[in-house]
Amino acid sequence: MSRTGIGWDSHRLAEGRPLVLGGVRIEHTHGLDGHSDADVLTHAVTDALLGAACLGDIGEHFPDTDERFRGADSLALLREVVLRCAAAGWAPVHADTTLVMERPKLSPHKAAMAANLAAALGLAADAVNVKASTGERIGFVGREEGVAALATVTVEARSDAGDRAG
Ligand code: MG
């Protein structure tokens, strides 16, 4: 049996913050504001995975009121969610994602982001896709006020899911 979940996230662009997308640190004038490292792409994937497993959302698992998660590495949180899904008998098999941001060009970084996400999900690199789109200069993305990300993750029921994740 398989299931698919969706994830959406957005974060505000701010000066003096790192820009981390899919675990890749990208040089830019602005970064993303947030309690953790604000990795909007990884957050969307994490929510999609939780959705596929019907295990709630990222805010329930890692509250932004919890100081333990200040500046947290979002890929580490995703790996933790993979373990929680495995404990519930679900293993990821595929992820598709879209990053929506105006600048900078993401094409040089897409493969590295996909590789990081695949590693966190326990998947081969060719089972994760990262697409990039812009806001066409309209809305909060187009005005470069923020960045959005969407994701789907498909999981399969696995009796050995816990072993695979471990
Ligand atoms: Mg977020």
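Use the structure listed above.
Just so it is clear, the structure is predicted and the values come from calculations on it, not from any experiment. (Residues numbered from 1 in each chain as written. Predicted model: local features only at pLDDT ≥ 70, side-chain atom pairs only at ≥ 80, totals over all residues. Heavy atoms only, no water.)

This part covers helix 1 (residues 40–52). With 13 residues, helix 1 should cover 18 Å at 1.5 Å per step; its first-to-last C-alpha distance of 18 Å lies within 8% of that length. Taking burial as the measure, the 13 residues of helix 1 include 12 buried ones, the bulk of the element. Inspection of helix 1 places V40, L41, T42, H43, A44, V45, T46, D47, A48, L49, L50 and A52 among the buried residues, and these make up the whole buried set. Just past helix 1, the residue C54 takes up positive phi, approximately 55°. (Helix = DSSP H or I, 4+ residues; strand = E, 2+ residues; numbered from the N terminus. Expected span 1.5 Å × (residues − 1). Buried < 20%, exposed > 50% of the residue type's maximum accessible area, 1.4 Å probe, protein only.)

On to the coordination of the magnesium ion, then. Only D9 (OD), H11 (NE2) and H43 (ND1) from the protein coordinate the magnesium ion, and they sit 2.1 to 2.2 Å from it. Of note, the magnesium ion draws all its donor residues from one chain, in the sequence arrangement D-x1-H-x31-H. Judged on exposure class, the residue D9 and its partner H11 are both buried. (Donors = N, O, S within 2.8 Å, 3.2 Å for Na, K, Ca; no water.)

All right, on to the sheet that holds strand 6 (residues 128–133) then. The 5 strands are arranged 4-1-7-5-6 in an open sheet whose pairing can be described as mixed. In this open sheet, the two strands that pair with only one neighbour each are strand 4 (30–32) and strand 6. Adjacent strand axes in the sheet meet at a mean angle of 25° when their direction is disregarded. The sheet contact formed by strand 5 (residues 90–100) and strand 7 (residues 146–157) spans 10 bridges and is antiparallel. From the neighbouring strand, A91 faces strand 7, where its bridge partner is E156. Strand contacts of helix 4 (residues 110–121): strand 5 and strand 6, with the helix running at about 140° to strand 6, the strand carrying the most contacts. (Pairing = 2+ DSSP bridges. Axes fitted to C-alpha atoms, helices over the stretch in contact; angles between N-to-C directions. Contact = heavy atoms within 4.5 Å.)

Each turn of an α-helix holds 3.6 residues, which means side chains three or four residues apart point in the same direction. For helix 3 (residues 74–87), spanning 14 residues, the distance from its first C-alpha to its last is 20 Å, which sits close to the expected 20 Å at 1.5 Å a residue. Three or more residues of helix 3 are buried, namely S74, L75, L77, L78, V81, V82, C85 and A86. Taking the backbone nitrogen of L75 as reference, a side-chain oxygen 2.9 Å away marks D73 as the first, capping residue of helix 3. G89 sits one or two positions beyond helix 3 and adopts a positive phi of about 95°. (Polar contact = N/O pair within 3.5 Å; in protein donor to acceptor, adjacent residues only side chain to side chain.)

Attention now goes to the packing of helix 1 against helix 4. Running from amino to carboxyl end, helix 1 crosses helix 4 at an angle of 35°, the nearest separation of the two axes being 11 Å. Considering only the axes of helix 1 and helix 4, their crossing is right-handed. Of the residues in helix 4, those in contact with L41, T42, V45 and L49 of helix 1 are M113, L117 and L121. (Left-handed = near helix turned anticlockwise from the far one by under 90°.)

Interpretation in functional terms is not warranted from these geometric data alone.
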